[in-house]
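Summary of the model geometry
The residues making up each chain are set out below.
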Amino acid sequence: MEDPSLSAPALFGSDPVRALRNDLALALRAAAQHGLGEGVCNHFSIALPQRPDWFLLNPRGLHWSEVQGDDIVLVDAQGERLAGPHPVEPTAMFIHAAVHRIAGKACVLHTHMPYATALTLTDQRALDTTLSQNAMRFHGRVAVDAEYNGLALDAGEGERIARAMRGADVAFLGNHGVIVCGEKIAWAFDDLYYLERACTHQVLAQSTGRPLLPVQPELAARVAAQTMGERMQSDLFFESLRRMVR
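Predicted, not measured: the structure shown is a model, and the values here were computed from it. (Residues numbered from 1 in each chain as written. Predicted model: local features only at pLDDT ≥ 70, side-chain atom pairs only at ≥ 80, totals over all residues. Heavy atoms only, no water.)

1. Here we look at the sheet that holds strand 2 (residues 55–57)
Spatially, 8 strands are ordered 4-3-2-1-5-8-7-6 in an open sheet, and the strand pairing comes out mixed. Each edge of the open sheet is held by one strand with a lone partner, namely strand 4 (81–83) and strand 6 (142–145). Averaged over neighbouring strand pairs, the angle between their axes works out to 25° when direction is ignored. Pairing between strand 2 and strand 3 (residues 73–75): 3 bridges, direction antiparallel. Paired with leucine 57 across the bridge in strand 3 is valine 73. Here helix 3 (residues 90–103) sits on the sheet and contacts strand 1 (43–47), strand 2, strand 5 (107–111) and strand 8 (177–182); the angle it forms with strand 1, its principal contact strand, is near 35°. Along the sheet, helix 7 (residues 185–207) contacts strand 1, strand 5, strand 7 (170–173) and strand 8; its crossing angle with strand 8, the most-contacted strand, is approximately 145°. (Pairing = 2+ DSSP bridges. Helix = DSSP H or I, 4+ residues; strand = E, 2+ residues; numbered from the N terminus. Axes fitted to C-alpha atoms, helices over the stretch in contact; angles between N-to-C directions. Contact = heavy atoms within 4.5 Å.)

Laid out in structure tokens, this is it:
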């Protein structure tokens, strides 16, 4: 017989999951404050440590700036809502359920943030990770899904996107947006923030019309290893957001 402590209502209301809900809501509000959101679209999710096949997700119809922990919903691997007061947007279920299930990612952040999305419209489709120092942290961590196929309104499209990631932490979705994944919310948010900064630098540099001067791939790989060698800075950034974002 299944342990009742693993039931959806019990888990959803538990202290550890309530803390995760609050952190996910904080990440959404912080993203809105930094201009990374778009209307009431796009979604952040985090798998439950106790049940990795279930994940928390922001609901349909709420602007990121207004989302609180009590607004977060619990969804299963098929994208069905298990707990929470609000409905779930269909493309969120199809994309996030597939990335959690197929790519095995704990935290999944999907945005149409301006500068990263702008680079998905170019022939390169993605960030050049040999340009700025911020870009180098992503060297060797990026996948490109160049085949835009319309809105993700079925499980097949979500699965196609998840497989195109090939295990990468960051995926640039051609003509669409980006997905950033991480082991925990603070780390994924830190990567999301710096990804947009790196894309901003590249777009601004390209707008000058002057030739760009990348570093050697070996140096970019070394910078990536240095940055990912410790994530204290990511945790400290998220704690600062906890103090500042309301």
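2. Digging into helix 2 (residues 15–33)
Between its first and last C-alpha, helix 2 extends 27 Å over 19 residues, near the 27 Å set by a 1.5 Å rise per residue. Every buried residue of helix 2 is accounted for by Val17, Leu20, Arg21, Asp23, Leu24, Ala25, Leu26, Ala27, Leu28, Arg29, Ala30 and Ala31. As for helix 2, its buried residues are in contact with helix 1 (8–13), strand 1, strand 2, helix 7 and helix 9 (232–244). Residue glycine 35 follows helix 2 closely and has a positive phi angle near 75°. (Expected span 1.5 Å × (residues − 1). Buried < 20%, exposed > 50% of the residue type's maximum accessible area, 1.4 Å probe, protein only.)

3. Topic: the packing of aromatic side chains
As enumerated under the stated definition, the model contains 5 aromatic pairs in all. Where phenylalanine 189 meets phenylalanine 237, the ring centres are 6.0 Å apart and the plane angle is 45°; that geometry is what we call tilted. Placement of phenylalanine 189 in helix 7 and of phenylalanine 237 in helix 9 is noted, with a sequence separation of 48 residues between them. By the burial criterion, phenylalanine 189 is buried, and phenylalanine 237 matches it. (Phe/Tyr/Trp six-rings, centres within 6.5 Å; stacked < 30°, edge-to-face > 60°.)

4. Quick look at the packing of helix 3 against helix 6 (residues 155–164)
Axis angle and axis distance: for two packed helices, these are the angle between their axes and the distance between the axes, and together they describe the pair. Relative to each other, helix 3 and helix 6 sit at 45°, their axes nearing to 8 Å. In terms of axis orientation, helix 3 runs oblique to helix 6. The two elements helix 3 and helix 6 meet at a crossing, and its hand is right-handed. Side by side, helix 3 and helix 6 meet where Phe94, Ile95, Ala98, Val99, Arg101, Ile102 and Ala103 of the first sit next to Ala155, Gly158, Glu159, Ile161, Ala162 and Arg163 of the second. Considered class by class, the residues forming the contact of helix 3 with helix 6 number 9 nonpolar, 1 polar and 3 charged. (Parallel < 35°, antiparallel > 145°, perpendicular 65-115°, else oblique. Left-handed = near helix turned anticlockwise from the far one by under 90°. Nonpolar A, V, L, I, M, F, W, Y, C, P; charged D, E, K, R; others polar.)

5. Comments concerning a nonpolar patch on the surface
Taken together, the side chains of Tyr148, Leu151 and Leu153 present a nonpolar region at the surface, about 330 Å² in accessible area. Relative to the helices and strands, tyrosine 148 is located in the loop between strand 6 and helix 6. (Patch = residues over 30% accessible without salt bridge, like charges linked within 9 Å, V, L, I, M, F, W, Y side chains within 5 Å. Areas by Shrake-Rupley, 256 points an atom, 1.4 Å probe, with all protein chains shown as cover. Salt bridge = Lys/Arg side-chain N within 4 Å of Asp/Glu carboxyl O.)

6. As for the side chain of histidine 176
With respect to the element layout, histidine 176 can be found in the loop between strand 7 and strand 8. In this structure histidine 176 comes out as buried when scored by relative accessible area, which is 18%. When near neighbours in sequence (up to four residues on either side) are disregarded, histidine 176 contacts Ile95, His110, His112, Thr117, Thr120 and Tyr148.

7. Re the environment of threonine 117
As for its placement among the helices and strands, threonine 117 is situated in helix 4 (residues 114–120). Remark: the alpha-carbon pair of threonine 117 and valine 170, spanning 53 residues in sequence, is separated by 13 Å. For threonine 117, the contacting residues outside a window of four places in its chain are His112, His176 and Gly177. Separated by 3.2 Å, the side chain of threonine 117 and the backbone oxygen of histidine 112 make a polar contact. (Polar contact = N/O pair within 3.5 Å; in protein donor to acceptor, adjacent residues only side chain to side chain.)

8. With respect to the side chain of asparagine 58
Topologically, asparagine 58 is positioned in the loop between strand 2 and strand 3. Among the residues examined, asparagine 58 registers a relative accessible area of 1% and is labelled buried. A polar contact of 3.3 Å, which involves the side chain of asparagine 58, links it to the backbone oxygen of asparagine 42. Among the polar contacts made by the side chain of asparagine 58, one reaches the main-chain amide nitrogen of phenylalanine 44 at a distance of 2.8 Å.

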